[in-house]
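Close look at the chain arrangement
Listed below, chain by chain, are the residues.
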Amino acid sequence: RSDRDWSSDVCSSDLLLPLGGQTVIRRLLEALDRPEIAARVVVLRQDDNALAAEVRSAGATVVAPHSPPPDMRSSVQHALDTIRASHSPTANDGWLLVPADHPLLAADVLTRLIGAWNASDAPILLPRCDGRRGHPTFFRWSLADKIATIPRDKGLNELVRWHENDIGEIPIDDRSVLYDLDTPEDYEAMQTRFPSD
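As the structure is a prediction and not an experimental result, all values here were calculated from the model. The numbers attached to residues start from 1 for each chain and follow its sequence in the written order. Totals for whole chains, interfaces and linings use all residues, but because this is a predicted model, local features are given only for residues with pLDDT of at least 70 and pairs of side-chain atoms are given and counted only at 80 or more. Working from all heavy atoms in the structure, the side-chain values ignore hydrogens and water.

It is worth spelling out the overall build of the chain at this point. Only DSSP runs of H or I reaching four residues or more are called helices, and only runs of E reaching two or more are called strands; each is numbered from the N terminus. Looking only at helices and strands, the chain features 6 helices and 9 strands. Relative to the compact-globule value of 16 Å for 197 residues, the chain shows a C-alpha radius of gyration of 16 Å, a close match. If you line up the chain on its principal axes, its C-alpha atoms span 45 × 40 × 35 Å. When each of the 197 residues of the chain is scored for burial, the buried share is 47%. In the chain, the proportion of contacts linking residues at least 24 apart, taken out of those at least 6 apart, comes to 66%. All accessible areas in this document rest on Shrake-Rupley with a 1.4 Å probe, and a residue is counted as covered only by the protein chains that are shown. Approximately 10,000 Å² of the chain is accessible, and the part contributed by carbon and sulfur atoms is 48%. A positive count includes Lys and Arg, and a negative count includes Asp and Glu. His and the chain ends are not counted in either. A single reference atom marks each charge: NZ on Lys, CZ on Arg, CG on Asp, CD on Glu. Put simply, the chain has 21 plus and 31 minus side-chain charges, and the middle of one group is 3 Å from the middle of the other. For the radius of gyration, the atom set is restricted to C-alpha positions; the globular benchmark scales as 2.2 Å times the number of residues to the power 0.38. Only protein chains enter the accessibility calculation, which uses a 1.4 Å probe; a residue is then buried when its area is under 20% of its type maximum, exposed when over 50%, and partly exposed in between. Every residue pair with non-hydrogen atoms within 4.5 Å of one another is taken to be in contact.

So, in structure tokens, the structure goes:
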């Protein structure tokens, strides 16, 4: 596994698992429900009815393309197209990439990252913990059009590689920026943070 991997084997049923009295996806969406964030968009398959209902009940927008996106890059493109159509962002606005299998995003960590983003002119900003890059990642809206130019055999990491010399990194001492829900063992480890589950 690379230093920063944007692929995931998480399935829709994993996102409906309970975690701290909420579902995994609701926990993440509620962490992102703040005035600095204009829209929360989740890209799903058309048959993910239960997950779509949970996303909508959390106040987020569901995008369900006719053909299931084959990879995260395609999913991100659908989300950005939706945001562009509904919010008309400017080049200096940002878009925030948060994989759905990243439910332990803490409010204070997000506050620090947003503050750093507002004070930075970097095209990409991300947290670093224990020598590793984590999530979420901030991008300038000016990079949104570059998604379509990434070669078909490359993923979103290619966009980061193109701007490697300009990336801003924020030291974070909270390992939650590194946690992914990829395996049953990951879920069990996350549950230890919420004994009530």
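From this point, the discussion proceeds with the structure in view.
Looking now at unusual backbone geometry. Of note, the bond from His135 into Pro136 is cis; its omega dihedral lies within 30 degrees of zero at 5 degrees. Tracing the chain through its elements places Pro136 in the loop between strand S7 (132–133) and strand S8 (137–140). Within the chain, Asp130 stands out as a residue other than glycine whose phi angle is a positive 50 degrees. A relative accessible area of 56% places Asp130 in the exposed class.

Below, the discussion takes up the pairing of strand S5 (residues 94–97). The side-chain alternation of S5 yields one buried face, formed by Trp95 and Leu97, and one unburied face, formed by Gly94 and Leu96. When DSSP finds two or more bridges between two strands, those strands count as paired. Looking at chain direction, S5 and S8 are connected through 4 bridges and run antiparallel. Looking across to S8, one finds that Trp95 is bridged to Phe139.

This next bit is on the pattern of salt bridges. Within this document, salt bridges are pairs made up of a side-chain nitrogen of Lys or Arg and a carboxyl oxygen of Asp or Glu, the two lying within 4 Å of each other. In this structure the tally under the stated criterion is 12 salt bridges. Here Glu36 makes a salt bridge to Arg34, at a shortest N to O gap of 3.0 Å. Arg34 gets classed as buried once you look at its relative accessible area, which sits at 15%. A salt bridge links Asp48 to Arg45; the shortest N-O distance between them is 3.1 Å.

In this section: the packing of aromatic side chains. What counts as a ring pair is set by centres within 6.5 Å for rings of Phe, Tyr and Trp (its six-membered ring), and what kind of pair is set by the plane angle: stacked under 30 degrees, edge-to-face over 60, tilted for all other angles. Throughout the structure, instances matching the rule amount to 2 aromatic pairs. Ring geometry for Trp117 against Phe138: centres 5.4 Å apart, planes inclined by 25 degrees, an arrangement best described as stacked. With Trp117 in helix H4 (residues 107–118) and Phe138 in strand S8, the pair connects residues that are 21 residues apart, well separated along the chain. Summarising the burial analysis for this pair, Trp117 and Phe138 share the class buried. For a ring to carry a charge above it, either NZ of a lysine or CZ of an arginine must fall within 6 Å of the ring centroid while also lying within 35 degrees of the normal to the ring plane. Note that Arg140 overlies the ring of Trp117, its terminal NZ or CZ placed 3.8 Å from the centroid.

With that settled, consider the confidence of the model for the chain. Detailed reading of the predicted model is not advised wherever pLDDT is low. Confidence of the predictor at the level of single residues is captured by pLDDT, which takes values from 0 to 100. Across the chain, the average pLDDT comes to 87, with 93% of residues at or above 70. Looking across the chain, the model is least confident in helix H6 (residues 184–191), with a mean pLDDT of 87, and most confident in strand S4 (residues 61–63), with 96.

Let us now look at helix H1 (residues 24–31). Two residues of an α-helix separated by three or four positions point the same way, owing to the 3.6 residues in each turn. Along H1, 7 of the 8 residues are buried, which leaves the element largely enclosed by surrounding structure. Listed in full, the buried residues belonging to H1 are Val24, Ile25, Arg26, Arg27, Leu28, Leu29 and Ala31. Looking at the buried positions of H1, the neighbouring elements they touch are strand S1 (18–19), strand S2 (22–23), strand S3 (41–43), helix H2 (49–57) and H4.

As a further point, take the packing of H1 against H2. As a packed pair, H1 and H2 sit with axes 9 Å apart at the nearest point and diverge in direction by 30 degrees. As summarised for this structure, H1 and H2 are arranged roughly parallel, according to the angle between their axes. Our pair here, H1 against H2, has a crossing hand that is right-handed. The segment H1 lies against H2, with Ile25, Arg26 and Leu29 engaging Leu51, Glu54, Val55 and Ser57. We call Asp, Glu, Lys and Arg charged. Ala, Val, Leu, Ile, Met, Phe, Trp, Tyr, Cys and Pro are nonpolar, and the rest, Gly among them, are polar. The residue makeup of the contact of H1 with H2, split by class, is 4 nonpolar, 1 polar and 2 charged. Structural elements are reduced to axes, namely lines fitted to C-alpha atoms, with helices fitted over the stretch in contact, and the angle between N-to-C directions of any two is expressed from 0 to 180 degrees. Convention used here: angles under 35 degrees read as roughly parallel, angles over 145 as roughly antiparallel, angles from 65 to 115 as roughly perpendicular, and any remaining angle as oblique. Working rule for handedness: look at the near helix, and if it is turned counterclockwise from the far one by less than a right angle, call the crossing left-handed; if clockwise, right-handed.

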